[in-house]
Amino acid sequence: MLAQLYFKRLPGWWKMLVVAMCMALLACLQAQELQGHVSIILLGATGDLAKKYLWQGLFQLYLDEVGKGYSFSFHGAALTSTKQGQEFIAKVLESLSCPEDMAPGRCAELRGQFQQLSQYRHLRTSEDYMALSKDIEAQLQHKGLQEAGRIFYFSVPPFAYADIARNINSSCRPGPGAWLRVVLEKPFGHDRLSAQQLATELGSFFQEKEMYRVDHYLGKQAVAQILPFRDQNRKALDGLWNRHHVERVEIIMKETVDAEGRTSFYEEYGVIRDVLQNHLTEVLTLVAMELPHNISSSEAVLRHKLQAFRALRGLQKGSAVLGQYQAYSEQVRREQRKPDSFRSLTPTFAGILVHMDNLRWEGVPFLLMSGKALDERVGYVRILFRNQAYCAQNEKRWVADQSQCLPRQIVFYIGHGELGSPAVLVSRNLFRPSLPSKSWKEVEGRPRLHLFGRPLSDYYAYSPVREQDAYSVLISHIFHGRKDSFITTENLLASWVFWTPLLDSLAHEVPRLYPGGAENGHLLDFEFSGTQLRFSQQQLEQLVPGPGSAPKPSDFQVLQAKYRESPLISAWPEELIAKLAEDIEATAVRAVQRFGEFHLALSGGSSPVPLFEQLATRHYGFPWAHTHLWLVDERCVPLRDPESNFQGLQAHLLQHVRVPHYNVHPMPVHLHQRLCAEEDRGAQMYASEISALVTNSSFDLVLLGMGMDGHTASLFPQSPAGLEGTQLVVLTRSPSKPHERMSLSLPLINRAHKVAVLVMGRMKREITMLVSRVGHEPKKWPISGVLPSSGQLV
Ligand code: BG6
């Protein structure tokens, strides 16, 4: 009545406007009604994950979307008999909860509607799938509904994927114009190869855009906030989010639970595959990736993420520390009926040091850590900034939001721990962050609480207005087609490419045993230096005997101090490397004093790696600015190939020291886009470069190694090239891959002022003994031809 009265009094143009607005509103409402019907099929509906999270997530989706234009039906499917399945589902649905701020009456009403829309069905054979599709079509027709799409949520073990995928593809696709989304749960493979196989198989049934691979950490509120936070605080972070300001990044997931009851899965995966390869790596990429201009473009986010994956520097064995809680092996024996002698090597704890090879993050350590049976349950990403300030005032007068001397950090607190909820923390001396006020609120004061060494009051601290479970967040993103919260095939494979070599190299590593819980004490603390990570405490006993027992000092013979008439230095590896590095530095300093420059030729392979690292981290007086670095030999692969000797030199030495670029002389193995072709005359080019720059072509020092077959440099037994003659540099063939090599020749090596041969490891013992007895037989044992004409051999 009142409205009519007002309407009559309005001028004519106003009336037209109001009518137009009402019509537009009506059109909107109608459009909402026309959005269509969505069928959600939960496969594995009676399993643990479904019970714990997925039904609740689907209910939340219904609560969020009801009345917004879509209609729904929910099909819980499993292999369980119809009766049992129905009973199970009825029970689960009864226990579904509503957000705290919803009135109980409304909650009951909506839960009732949800129960009406949900049903159980036994789904096993291809006929069952056809019947499901027919039922959906019949329902649509009966109610006169347009189909919007179908979501199939695979909450089943991966061995069941292929069959289900085949059935969906052949008989359960929605009609034209409607979308299909299949949701997949990890594990997505066990290593690069298996992940690739699984991806190829799935790719034969579904298009990339149809697949949603879940990493539930991407649905955790603090994790999902990383990119929006970076975006909304661009101005403050622009200058800070880089290697000049960030000291380190810690990405941590600690658990108190152990693997009991899951050892059959855990034995095959271990903590790296279970948590680091997926959850922690995903978080890492969100922190490290370049921020797209438009973070709501899924395509841009995924592309930038992929670039971050590609910038990850390859891991070495020394980048990891591994642990296993003491009760683990016993649990495996019990659950899998293994004999008493069985000891597992599966790590339940890992700390990994990751570096990125790009200008933003070069040199910044990213520490990833996760473990079971630890002292607390907590997850967080902590970005700790460098402190370059000095504060002249007494510490007592430092004020949290002003003092540059207090620690400066940003923490995405994923959950649990002392705080007990997700949060974003920013040190007050950094900046006041901006967070969406609808969904994040400031944390109320908790004066006693200390986090990361500071009272909570030192931080601007925000937590979600409404805490949401990760699965509910992700189910909503699936419904809205937000692909950036999921793992694409490309990103998945990029992650496995990064982790697989490390996993292979650690396969036989014996993890450190820890008692579990608070008793772990400092046993699992670790520290890093350069690219190496190690436990801070020495372990006094080897509690798990490894495969093949460790060598004892008595396994080694005491060698004479002369070897083939030359001085012999023998020591335990660390001492030996330290001694050699000292020697090289002294030689370098002398050469620079006398001639102004030092020409050092270095071998590749794994033996010199600790030497390079020693030189990089302990020898600050080394005259790098006057040192020329040459290669003793090279594999015929591109210089950026991980197998390239130059790549090893770059990774372990060059990037840590300041050698002028023009003093670095990689071997020209890759010319005209081909490798070591005779016609390209790479060997001759290298020889000319040596002749031009090195006086008399006599290197100041050549560092060699010795292979188990007596080869040195890339001069191999029974391969005549380079053993004699006038050529300084030669192309040779190795019996092992990659076969093609380039090498300094013996005559050139023997012109050096000093030659050092570094031999390490038990495997070299036999050849060392043998060569100690043979004469000058370079054809059989090229190493026996190393005899500097006027220089010294060590
Ligand atoms: C899973 C792992 O992906 O994540 C489990 O398989 C782990 O081993 C779990 O316990 C941790 O998730 P949340 O959400 O409890 O931190």
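Residues numbered from 1 in each chain as written. Predicted model: local features only at pLDDT ≥ 70, side-chain atom pairs only at ≥ 80, totals over all residues. Heavy atoms only, no water.

Where do I start with the overall build of the protein in this structure?
Broken down by element type, the protein carries 22 helices and 33 strands. By principal-axis analysis of the C-alpha atoms, the protein measures approximately 115 × 70 × 60 Å. Counting all 794 residues of the protein, 51% fall into the buried class. The contacts of the protein with a sequence gap of at least 6 include a subset with a gap of at least 24, amounting to 76%. Only carbon and sulfur atoms are counted for the fraction: they give 52% of the accessible area of the protein, which is about 39200 Å². (Helix = DSSP H or I, 4+ residues; strand = E, 2+ residues; numbered from the N terminus. Buried < 20%, exposed > 50% of the residue type's maximum accessible area, 1.4 Å probe, protein only. Contact = heavy atoms within 4.5 Å. Areas by Shrake-Rupley, 256 points an atom, 1.4 Å probe, with all protein chains shown as cover.)

Is there a simple way to explain the sheet that holds strand S3 (residues 118–122) in this structure?
In sheet architecture, strand pairing relies on hydrogen bonds along the backbone and comes in two forms, parallel and antiparallel. An order of S3-S2-S1-S4-S5-S6 is seen for the six strands of this open sheet, with the pairing classed as parallel. Pairing within the sheet leaves two strands with one partner each, and these edge strands are S3 and strand S6 (211–213). Neighbouring strand axes in the sheet, compared pairwise and without regard to direction, differ in orientation by 20° on average. (Pairing = 2+ DSSP bridges. Axes fitted to C-alpha atoms, helices over the stretch in contact; angles between N-to-C directions.)

Would you mind showing me how to read the packing of aromatic side chains here?
The tally for this structure, following the rule as stated, stands at 28 aromatic pairs. Judged by centre distance (5.4 Å) and plane angle (80°), the rings of Trp361 and Phe366 are edge-to-face. With a relative accessible area of 1%, Trp361 lands in the buried category. An aromatic cluster of at least three residues, connected via ring pairs, comprises Phe59, Tyr62, Tyr70, Phe72, Phe74, Phe114 and Phe479. When the ring centre of Trp179 is taken as origin, the NZ or CZ atom of Arg181, which lies over that ring, is 3.7 Å away. (Phe/Tyr/Trp six-rings, centres within 6.5 Å; stacked < 30°, edge-to-face > 60°. Lys NZ or Arg CZ within 6 Å of the ring centre and 35° of its normal.)

Would you mind going over the UniProt feature "domain: Glucose-6-phosphate dehydrogenase C-terminal" (unreviewed entry) in the protein with me for this structure?
Here, the residues flagged by UniProt with the feature "domain: Glucose-6-phosphate dehydrogenase C-terminal" (unreviewed entry) are residues 229–520. Across residues 229–520, helical content stands at 28% and strand content at 22%; the span's end C-alpha atoms are separated by 35 Å. (UniProt positions renumbered as here; feature names shortened; annotations may be inferred.)

What exactly am I supposed to notice about the nonpolar core here?
Grouped burial of nonpolar side chains is what soluble globular proteins tend to show. The biggest cluster of nonpolar side chains holds 126 residues, and the ones touching the most others in it are Leu43, Phe154, Ile168, Ile272, Ile352 and Phe366. Counting only domains with at least three residues in this core, you end up with domain 1 (36–185) and domain 2 (218–384 + 399–514). Ignoring any residue separated from it by four or fewer positions in sequence, one finds Phe366 in contact with Val249, Leu284, Val287, Ala288, Ile352, Leu353, Val354, Met356 and Trp361. Membership of the second largest hydrophobic core comes to 67 residues, among which are Val592, Ala616, Phe646 and Val702. (Core = buried A, V, L, I, M, F, W, Y, C linked by side-chain atoms within 4.5 Å. Domains from an automatic or database assignment.)

Help me understand the site of the ligand in this model?
In the region of the ligand, the neighbouring residues are Lys186, His216, Tyr217, Lys220, Met253, Glu255, Arg262, Asp274, His279, Lys372 and Arg377. In this structure, Glu255 approaches the ligand through a side-chain N or O atom, which is 2.5 Å from an oxygen atom. Take Asp274: an N or O atom from its side chain is 2.6 Å from an oxygen atom of the ligand. Grouping the constituent residues of the shell around the ligand by class yields two nonpolar, two polar and seven charged. (Near = heavy atom within 4 Å. Polar contact = N/O pair within 3.5 Å; in protein donor to acceptor, adjacent residues only side chain to side chain. Nonpolar A, V, L, I, M, F, W, Y, C, P; charged D, E, K, R; others polar.)

Please clarify how the pairing of strand S7 (residues 246–254) should be interpreted in this entry.
Each regular strand carries side chains that alternate between the two faces of the sheet. Most of S7 sits inside the fold, with seven of its nine residues counted as buried. Judged from the eight bridges that link them, S7 and strand S11 (residues 378–385) form a sheet pairing that is antiparallel. Residue pairing in the sheet places Ile252 in a bridge with Tyr380 of S11. The pairing of S7 with strand S10 (residues 366–371) spans six bridges and is parallel. Its bridge partner lying in S10, Ile251 is registered against Leu368.

Whenever I open this one, helix H16 (residues 489–505) confuses me. Can you help?
Because an α-helix packs 3.6 residues into every turn, residues spaced three or four apart end up facing the same way. Along its 17 residues, H16 runs 25 Å from first to last C-alpha, staying within 8% of the 24 Å computed at 1.5 Å per residue. Taken as a whole, H16 carries its principal kink of about 35° at Trp499; the proline Pro501 stands between one and four residues after it. Burial analysis of H16 places twelve of its 17 residues in the buried class, which makes it a mostly covered element. Residues of H16 that are buried include every one of Thr489, Asn491, Leu492, Leu493, Ala494, Ser495, Trp496, Phe498, Trp499, Thr500, Leu502 and Leu503, and no others. (Expected span 1.5 Å × (residues − 1). Bend = angle between axes of the 7 residues up to and from the residue.)

Whenever I open this one, the domain arrangement of the protein confuses me. Can you help?
Domain annotation of the protein identifies domain 1 (36–185), domain 2 (218–384 + 399–514) and domain 3 (561–793). Taken over C-alpha atoms, the centre of domain 1 sits 65 Å from the centre of domain 3.

Where do I start with the state of the cysteines in this structure?
Structurally, a disulfide amounts to a covalent bond that connects the sulfur atoms of two cysteines. Summed over the entire model, instances satisfying the criterion amount to three disulfides. What pairs with Cys98 in a disulfide is Cys107, and their sulfur atoms sit 2.0 Å apart. Looking down the S-S bond of the Cys98 and Cys107 bridge, the torsion is 85°, so its handedness is right-handed. Put simply, Cys391 and Cys405 are joined by a disulfide, and their sulfur atoms are 2.0 Å apart. Because the sign of the S-S torsion sets the handedness, a value of about 105° for the bond joining Cys391 and Cys405 places this disulfide among the right-handed ones. Of this pair, Cys391 sits in the loop between S11 and strand S12 (409–416) while Cys405 sits in the loop between S11 and S12, placing them 14 residues apart in sequence. Its relative accessible area of 18% is what places Cys405 among the buried residues. (Disulfide = S-S within 2.5 Å.)

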